[in-house]
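Working through the structure, step by step
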Amino acid sequence: MNFFSHDTNLQALLKEKLTPRFWAWAGHELEEFGGLCATDIDERAAHTDREGQPKLIKYDRMGEDISHVWLNEGYKKTVADTYQRGIVGYIHKDIPTLGERGNYVYSFAQGYLLSQAEPGFYCPVTLTMATAYLIDHYADEALRDNYLPHVLSTGDVELYEGATFLTERQGGSDVGANEVTAVREGDHYRIFGEKYFASNAGACGVAMVLARMEEAAPGTKGLSLFLVPWRQENQSLNGIRIRRLKDKLGVRAVPSAEVEFDGAKAFLVGEPDQGFYYMMEALNLSRICNAVASIGIMRRAFSEALDYARGREAFGKPLIDYPMIKETLVHMKVKQELETRAVFEVVEQFDSLTKAEQHRQSNEFMLLRLQIALIKKETAEQAVHFTHEAIEMHGGNGYIEDFVTPRLLRDAQVLTVWEGTANILGLEVLRLLNKSKAHHSFFEDLRRRISQASVLEEEKRLVHQSLEEAEAWVESILQQPSGAQTYYSKKIAERLVLLFEASVALEKASESLEEEQKARLYIQHHYGNDKVQEVPLVLQLADDLLGVSVK
């Protein structure tokens with residue numbers, strides 16, 4: 001099994017988005033990594049989930065608080081295997097073999113493969129990516145020189161994994177209520193207080209921490225961003241204690257902790273009054289990572305369901321011969337592959353705007369933020385739905401820990417919470433529509449994509465009609481009082497993301513017969529008339545899309 005070589009959809013979109021020279025190198029690298037993820041990394045993930053979870057060793061034999069987090073050897077091998085392939089490093093530095101810098105498209109392709117085996121570890125990778133982004137963009141030259149090479153390590157220097165600590169007990173999503181304080185001491189600061197949900201604690205080398213300077217303004221405007229080394233130069237803890245590790249439902253590979261800062265030495269990053277805004281930029285990156293993890297889990301759930309349906313017999317014939325099974329599998333395939341394309345459209349745009357240092361208030365960046373919020377919400381919810389479908393396809397076996405499906409469900413569930421719940425994302429969508437008028441750019445982008453389609457005239461008409469209706473509907477909601485707008489916020493997100501995916505499907509429909517079939521099925525499923533047919537459309541296309549005969 002190889003997660004990359006079996007995924008022709010991923011191969012096609014990467015070949016389209018990478019230069020021929022880069023693709024020639026990346027294809028080989030991803031084939032190796034896809035095989036590793038499907039075998040060794042997957043086996044290690046199962047061990048970590050069930051028997052090798054992180055453990056807190058609070059005290060040494062002399063009773064000293066060492067707050068050491070034990071990680072099993074297999075997990076540490078996965079850490080080395082993944083970072084040495086440049087999943088973070090090659091975003092910011094040259095790939096030796098090519099003599100050119102990598103990009104987010106390649107990194108997220110790696111993350112997509114990794115998440116099919118170990119989405120728990122993709123959390124620390126995400127945090128390290130965010131840490132690298134913040135240091136590279138906003139730290140002063142001395143901090144960049146001292147810490148960035150370690151965060152970007154591909155085996156050349158000691159690796160410092162990253163972390164981003166925001167959440168406090170009294171605040172949660174209300175970051176403006178944060179109370180952790182920073183006291184100046186010469187050319188650095190000392191951090192005091194507690195972070196209540198700190199992922200990668202004890203495994204990170206540096207943490208990016210939001211804290212409030214003395215006499216700073218209340219709310220988010222008074223928060224500053226600090227780089228906090230986990231250990232001092234003599235390797236002792238840097239005024240940091242771990243109270244306990246969280247006992248989580250899933251993603252058990254990542255140590256998430258309650259962390260106490262008691263005078264931890266810290267260094268200011270960027271302007272003192274911009275800390276929250278820096279972290280929100282990193283949050284956009286983390287939300288894309290969340291979406292990538294989601295489509296990875298969706299892909300694994302679909303693959304497991306398809307393999308099981310092909311091999312399992314019931315009432316004298318394979319499951320895949322039954323129309324209801326075909327319908328489920330075809331819709332899973334179409335949704336997963338079109339959603340993967342939509343995610344990588346967002347990735348490509350993020351890569352382009354980040355490299356161009358696009359102004360954060362430009363129309364292009366506001367459109368990107370809207371697309372990120374929409375796709376993060378949808379993919380996270382679909383990851384849970386896909387794992388449910390895979391479990392149901394397996395029947396009782398799907399509920400048994402001998403199969404991967406229970407772990408997929410546990411790991412998928414957190415993706416609806418991390419980096420913003422559906423409610424928080426709904427509020428984000430409202431802010432972007434009201435303050436930035438991002439829906440104007442959004443609908444303009446949809447019209448451009450639809451116009452690219454040279455096939456499927458009926459489907460183009462259906463999507464265009466729905467677009468016109470949605471545009472008027474959104475405008476009417478924005479004329480309502482804030483309470484009514486909040487009520488509709490998630491419904492807006494749900495309607496817009498389907499239009500986004502449908503427009504991406506149409507844009508690609510002329511590239512191959514399969515892309516045309518997927519676009520037709522997706523659009524008819526969401527916008528067509530559900531007429532009774534002797535052979536419904538989904539069964540008409542099952543042979544081509546699943547490679548099985550229609551019975």
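Residues numbered from 1 in each chain as written. Predicted model: local features only at pLDDT ≥ 70, side-chain atom pairs only at ≥ 80, totals over all residues. Heavy atoms only, no water.

Here we come to the packing of aromatic side chains. Following the criterion strictly, the structure yields 20 aromatic pairs and no others. By way of ring pairs, the aromatic residues F22, W25, Y90 and Y106 are connected into one cluster. Residue placement shows K491 over the ring face of Y487; its charged tip is 4.2 Å from the ring centre. Lying across the ring of W473, R495 places its NZ or CZ 4.6 Å from the centre. (Phe/Tyr/Trp six-rings, centres within 6.5 Å; stacked < 30°, edge-to-face > 60°. Lys NZ or Arg CZ within 6 Å of the ring centre and 35° of its normal.)

The next subject is the domain arrangement of the chain. Along its sequence, the chain is carved into domain 1 (8-152), domain 2 (162-272) and domain 3 (422-536 + 545-549). Here the C-alpha centroids of domain 1 and domain 2 sit 22 Å apart. On inspection of domain 1 and its partner domain 2, the count reaches one salt bridge. Measuring nitrogen to oxygen at the nearest pair gives 3.8 Å for the salt bridge that ties D49 to R252. (Domains from an automatic or database assignment. Salt bridge = Lys/Arg side-chain N within 4 Å of Asp/Glu carboxyl O.)

One number sums up the size of the largest pocket: a volume of about 1,600 Å³. In terms of lining residues, the largest pocket is bounded by 46 residues, among which L166, V175, M280, L283 and R287 are the most central. At the level of elements, α6 (119-138), β5 (164-165), β7 (188-199), α8 (275-311), α10 (363-394) and α12 (422-435) are the ones that each hand at least two residues to the lining of the largest pocket. Its residues placed into classes, the lining of the largest pocket shows 23 nonpolar, 14 polar and nine charged. (1 Å grid on protein atoms, 1.4 Å probe; cavity = no way out; pocket = protein on both sides within 12 Å on 5 of 7 lines; lining within 4 Å. Points joined across faces, edges and corners; volume = space filled by probe spheres on them. Helix = DSSP H or I, 4+ residues; strand = E, 2+ residues; numbered from the N terminus. Nonpolar A, V, L, I, M, F, W, Y, C, P; charged D, E, K, R; others polar.)

This next bit is on empty space enclosed by the protein. A water-sized probe, rolled over the atoms, reveals where empty space remains. Per the stated rule, a full pass over the model turns up two cavities of 30 Å³ or more. Taken as a whole, the largest cavity holds about 110 Å³ of empty space. In terms of lining, the largest cavity is formed by 15 residues, of which the most central are Y122, C123, T126, N290 and W418. Only α6 and α8 provide two or more residues apiece to the lining of the largest cavity. Sorting elements by how many residues they give to the lining of the largest cavity places α6 first, with five residues. Residue classes in the lining of the largest cavity are distributed as ten nonpolar, three polar and two charged. Here the second largest cavity is characterised by a volume of approximately 40 Å³. Listing elements by their share of the lining of the second largest cavity, those giving two or more residues are α2 (20-50) and α11 (405-413).

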